[in-house]
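# Structural overview
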Amino acid sequence: MHNKLDKNKFSQRLGSWYPKIEPLFSNGVMDKIYEELKNQGRKGTKITPDKSNTFRCFRETPIDQIKAVMMGYCPYHSVINGKILADGILMGCSNHKDYLAPSLQQYYRAVEEEFKEGLCFPCVKTKDLTYLSQQGVLMFNSSLTTIVGTAGAHQELWRPFTEHMMKIFNNMDIPIIFLGNDAWEFSDCSNIHYKLSHPASASHRHTEWSSEGVFKKVNEKLEDWFQKPIQWIMETAPF
């Protein structure tokens with residue numbers, strides 16, 4: 001099969017994950033995905049996140065440092081003040097200085113409740129979630145792109161990619177936190193997993209999202225394996 005994509009270019013975008021994902025270039029899966037994305041772009045369809053951030057989650061969490069996966073549905077499909085909200089990291093919205101996405105607000109409130117009984121003055125609710133990525137949490141969406149204004153538009157397009165990733169994760173035997181029904185459908189492919197509703201669903205219902213103690217459970221699992229637990233919310237020294 002003739003491959004149209006420049007694998008060298010993608011090896012840079014995927015970083016240390018490239019050898020594990022390379023089979024999808026050899027068998028043409030990535031060609032099909034990018035052919036469809038390019039076709040949509042030619043028609044004027046706006047796709048999110050920016051193409052430079054499509055594989056950002058893999059670059060931020062090198063494969064040899066991974067401890068856990070948090071897996072959602074698709075990137076934010078919104079444009080706020082003329083800027084794409086999605087930044088390539090699950091729930092991250094670092095493209096915007098003054099906007100904290102509702103899903104992320106729900107996440108912080110729930111984690112603060114789980115670890116700090118809802119009161120943590122030094123806690124920092126940052127829009128940039130690379131602090132989790134750099135602790136070994138792969139912040140992954142089951143589709144890496146979507147159409148602006150349409151949630152889940154590329155879910156089926158990325159399915160072969162996500163199914164391949166699930167096999168990789170399962171071989172690593174790492175905890176996976178699935179957020180929402182659309183992510184749950186992949187949970188049967190994982191040995192160690194936890195299922196939660198998506199924080200966005202609580203925002204839509206105007207209720208409070210619960211983490212159900214899952215982040216403590218993941219930390220307990222890591223400690224059992226003699227690994228450093230994850231700091232799920234950043235803290236700074238008190239003023």
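Parameters at a glance
- Residues numbered from 1 in each chain as written.
- Predicted model: local features only at pLDDT ≥ 70, side-chain atom pairs only at ≥ 80, totals over all residues.
- Heavy atoms only, no water.
- Axes fitted to C-alpha atoms, helices over the stretch in contact; angles between N-to-C directions.
- Helix = DSSP H or I, 4+ residues; strand = E, 2+ residues; numbered from the N terminus.
- Parallel < 35°, antiparallel > 145°, perpendicular 65-115°, else oblique.
- Contact = heavy atoms within 4.5 Å.
- Nonpolar A, V, L, I, M, F, W, Y, C, P; charged D, E, K, R; others polar.
- Expected span 1.5 Å × (residues − 1).
- Buried < 20%, exposed > 50% of the residue type's maximum accessible area, 1.4 Å probe, protein only.
- 1 Å grid on protein atoms, 1.4 Å probe; cavity = no way out; pocket = protein on both sides within 12 Å on 5 of 7 lines; lining within 4 Å.
- Points joined across faces, edges and corners; volume = space filled by probe spheres on them.
- Bend = angle between axes of the 7 residues up to and from the residue.
- Core = buried A, V, L, I, M, F, W, Y, C linked by side-chain atoms within 4.5 Å.
- Left-handed = near helix turned anticlockwise from the far one by under 90°.

Before going further, it helps to examine the packing of helix 6 (residues 102-116) against helix 11 (residues 214-224). For the pair helix 6 and helix 11, the least separation of the axes is 9 Å and the interaxial angle reads 60°. Classed by the angle they form, the pair helix 6 and helix 11 counts as oblique. The residues of helix 11 that touch helix 6, namely those facing Tyr107, Val111, Glu114 and Phe115, are Val214, Phe215, Lys216 and Asn219. When its residues are assigned to classes, the contact of helix 6 with helix 11 shows 5 nonpolar, 1 polar and 2 charged.

As a further point, take helix 6. If you check helix 6, its first and last C-alpha atoms are 20 Å apart, about what 15 residues at 1.5 Å a residue would give, namely 21 Å. Residues of helix 6 that are buried include every one of Ser103, Leu104, Gln106, Tyr107, Tyr108, Ala110, Val111, Glu112 and Glu114, and no others. Two residues or fewer past helix 6, Glu117 is found with a positive phi of approximately 55°.

The next point concerns empty space enclosed by the protein. If you walk through the whole model with that rule in mind, you get 1 cavity of 30 Å³ or more. Estimated volume of the largest cavity: approximately 100 Å³. In terms of lining residues, the largest cavity is bounded by 16 residues, among which Pro75, Gly88, Ile89, Leu90 and Asn141 are the most central. Residue contributions to the lining of the largest cavity peak at 3 residues, all from strand 6 (residues 137-141).

This paragraph deals with helix 8 (residues 155-172). Count 3.6 residues to each turn of an α-helix, and residues three or four apart come out pointing the same way. In a regular helix each residue adds 1.5 Å, so 18 residues correspond to 26 Å; helix 8 covers 24 Å between its end C-alpha atoms and thus fits that length. Taking the largest bend as the criterion, helix 8 deviates by roughly 35°, centred on Phe161. Here helix 8 has its buried residues at Gln155, Trp158, Arg159, Phe161, Thr162, His164, Met165, Met166, Ile168 and Phe169. Among the residues trailing helix 8, Asp173 stands out with phi positive, at a value near 60°.

Let us look at the nonpolar core. In terms of nonpolar packing, the biggest core is built from 72 residues, with Phe58, Met70, Tyr107, Phe140, Phe161 and Trp232 touching the most fellow members. Element by element, the count of residues in this core is highest for helix 8, at 6 residues. For Phe58, the contacting residues outside a window of four places in its chain are Leu14, Trp17, Ile21, Leu138, Phe140, Leu144, Phe161 and Met165.

Contact geometry of helix 4 (residues 29-42) with helix 8 gives a least axis separation of 10 Å together with a crossing angle of 155°. Between helix 4 and helix 8, the angle falls in the class roughly antiparallel. The handedness of the crossing between helix 4 and helix 8 comes out as left-handed. Each of Val29, Met30, Lys32, Ile33, Tyr34, Glu36 and Leu37 in helix 4 lies in contact with helix 8, whose residues at this interface are Leu157, Trp158, Pro160 and Phe161. Taken together, the residues that form the contact of helix 4 with helix 8 break down as 9 nonpolar, no polar and 2 charged.

Moving on to unusual backbone geometry. A cis amide bond links Thr48 to the next residue, Pro49, at an omega of 0°. With respect to the helices and strands, Pro49 occurs in the loop between strand 1 (47-48) and helix 5 (56-60). Phi is positive for Asp173, which is not a glycine, with a value near 60°. Following the sequence through the fold, Asp173 ends up in the loop between helix 8 and strand 8 (176-179). Unusually for a residue other than glycine, Glu212 sits at a positive phi of about 55°. Along the chain, the position of Glu212 falls in the loop between helix 10 (199-205) and helix 11. Since its relative accessible area comes to 52%, Glu212 is described here as exposed.

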